[in-house]
Amino acid sequence: TRFSLRRAAGGVVFNNAGQCLLIQRNGMLDLPKGHVERGETHTFAALREVEEETGARNLHIGKPITKTYHIYKLYDEWILKQTSWYEMHTSAQQHLLPQTEEGITQVLWAAPQKAAQLLNTSYSTMQYLATFLNK
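Residues numbered from 1 in each chain as written. Predicted model: local features only at pLDDT ≥ 70, side-chain atom pairs only at ≥ 80, totals over all residues. Heavy atoms only, no water.

Enquirer: How should the pattern of salt bridges be read in this particular structure?
Expert: One side chain can pair with another of opposite charge once the charged atoms of both are near each other. Counted under the stated rule, the structure contains eight salt bridges. Note that Glu-40 and Arg-48 form a salt bridge whose closest N and O atoms lie 2.6 Å from each other. No difference in accessibility class separates Glu-40 from Arg-48, as the two residues are buried. With a closest N to O distance of 2.9 Å, Glu-49 and Arg-48 form a salt bridge. Arg-48 carries the same exposure label as Glu-49, and that label is buried. Look at the salt bridges and you will find they share partners, linking Arg-25, Asp-30, Lys-33 and Glu-53 into a network. (Salt bridge = Lys/Arg side-chain N within 4 Å of Asp/Glu carboxyl O. Buried < 20%, exposed > 50% of the residue type's maximum accessible area, 1.4 Å probe, protein only.)

Here's what the structure looks like:
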């Protein structure tokens, strides 16, 4: 009762070279994710958010990976954010475009081991998700 629940969805995206898609948001390395809109499924929201935040196209969703939870304070209200994570794949060679209005300044591909290393310097939820990159 002390928290307002917000649902989000995102993707751990791989390309044909086996690289993982990362973003830099507000100076921190992250994975693409965002708010689940009213009437959307989590899978649709995950695909939409990855495309909006990175410019990645031709995304195919795979199996669910996990759910993460974190809390933050916004305008004197405590928020519990639940994020559903999905494995995704794209075969397209494409120009990636960071969604700057969301604080995203960079979109990059990295080998899973390097991506895991980079995410281990980020938020604790990203550190947890890094453990799934080499499986």
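Past the structure itself, the notes keep going.
Enquirer: Any chance you could explain the environment of Cys-20 here in plain terms?
Expert: Here Cys-20 lies in strand β2 (residues 20–25). Taking the C-alpha atoms as reference points, Cys-20 and Ala-110, 90 residues apart in sequence, are found 5.3 Å from one another. Residue contacts for Cys-20: discarding those within four places in its chain leaves Val-12, Val-13, Phe-14, Leu-31, Leu-108, Trp-109, Ala-110, Ala-115 and Leu-133. (Helix = DSSP H or I, 4+ residues; strand = E, 2+ residues; numbered from the N terminus. Contact = heavy atoms within 4.5 Å.)

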